[in-house]
Amino acid sequence: MNRPDPLTRLVEQLQRLPGIGAKSAQRLAYHVLKTPREEIDRLADAMREVKDRVTYCSVCSNITDVDPCFFCTNGGRDPRVICVVEEPENVAASSARMAGATRASSASSKSRRTSPRLRRRGTSKAGTTS
Ligand SMILES: [Zn+2]
């Protein structure tokens, strides 16, 4: 297929994303081509902003845009109680579950909010899969 070089480069880059195979990459690239410039600028800006502003909390290794993170600066949490999660994306889910659990049991005891502690995996880069 004779594709303009920039489009080919975009397909190649999209294909490097997890869960994106050759067909999806091509579909997304053509979507980018057809989408108004402002919308694509917002997407590109959001990606850049994540790389520029999101970092790891120096206390608990949670992902954050302020260091220490929201959990570590929350005085209502007991720092002696920790919740260990494997990946940063699990913090939101377990935090929501904890909120539900403490809401359900808060009538009987003083709620003990937990702070997340992450067990960060090595930066093993998986081979290219599609
Ligand atoms: Zn933290």
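Note that this is a predicted model, so its numbers are computed, not measured.

Chemist: I would appreciate a short explanation of the overall build of the protein chain in the present structure.
Modeler: Across its full length, the protein chain carries 4 helices and 4 strands. Listing every helix and strand of the protein chain by position from the N terminus yields α-α-α-β-β-β-α-β. Out of the 130 residues belonging to the protein chain, those deemed buried represent 8%. Of the contacts formed within the protein chain by residues at least 6 apart in sequence, a portion of 48% connects residues at least 24 apart.

Chemist: Where do I start with the environment of Cys 72 in this structure?
Modeler: With respect to the secondary-structure elements, Cys 72 resides in the loop between β2 (63–64) and β3 (77–85). Judged by C-beta crowding, with 18 C-beta atoms within 10 Å, Cys 72 ranks as partly exposed. Remark: the alpha-carbon pair of Cys 72 and Ser 58, spanning 14 residues in sequence, is separated by 9.6 Å.

Chemist: Help me understand the environment of Pro 6, please; the structure alone is not making it clear to me.
Modeler: In this fold, Pro 6 is placed in helix α1 (residues 5–15). With 23 residues separating them along the chain, Pro 6 and Ala 29 place their C-alpha atoms 9.8 Å apart.

Chemist: Teacher, can you tell me more about unusual backbone geometry here?
Modeler: Note: most peptide bonds trans; most residues except glycine with negative phi. Residue Pro 68 follows Asp 67 across a cis peptide bond; omega there is 0 degrees. Within the secondary structure, Pro 68 sits in the loop between β2 and β3. In this structure, Ser 61 is a non-glycine residue whose phi angle is positive, near 75 degrees. The topology assignment puts Ser 61 in the loop between β1 (55–56) and β2.

Chemist: For this particular structure, what's the right way to read the confidence of the model for the protein chain?
Modeler: Any region with low pLDDT has predicted coordinates that should not be read closely. Per-residue confidence for the protein chain gives a mean pLDDT of 81; residues scoring 70 or more make up 74%. With pLDDT under 50 throughout, residues 103–112 is counted as low confidence; its partners more than four residues away or in other chains account for 4 contacts. Low pLDDT, under 50, characterises residues 122–130; the predicted model gives this stretch 3 contacts beyond four residues in sequence or across chains.

Chemist: What should I look at first to understand the packing of α1 against helix α2 (residues 22–34) in this one?
Modeler: For any two helices packed against each other, the geometry comes down to the angle between their axes and how far apart the axes lie. Running from amino to carboxyl end, α1 crosses α2 at an angle of 130 degrees, the nearest separation of the two axes being 8 Å. Here α1 is positioned oblique relative to α2, judged by the angle of their axes. As α1 packs across α2, the resulting crossing turns out to be right-handed. Packed against α1, whose contacting residues are Leu 7, Leu 10, Val 11, Leu 14 and Gln 15, the element α2 presents Ala 22, Ala 25, Gln 26, Leu 28, Ala 29, Val 32 and Leu 33 at the interface. Each residue belonging to the contact of α1 with α2 can be placed in one class, and the counts come to 10 nonpolar, 2 polar and no charged.

What counts and what doesn't
Residues numbered from 1 in each chain as written. Predicted model: local features only at pLDDT ≥ 70, side-chain atom pairs only at ≥ 80, totals over all residues. Helix = DSSP H or I, 4+ residues; strand = E, 2+ residues; numbered from the N terminus. Buried ≥ 20, exposed ≤ 12 C-beta atoms within 10 Å, placed from the backbone. Contact = placed C-beta atoms within 7 Å. pLDDT = per-residue confidence, 0-100. Axes fitted to C-alpha atoms, helices over the stretch in contact; angles between N-to-C directions. Parallel < 35°, antiparallel > 145°, perpendicular 65-115°, else oblique. Left-handed = near helix turned anticlockwise from the far one by under 90°. Nonpolar A, V, L, I, M, F, W, Y, C, P; charged D, E, K, R; others polar.

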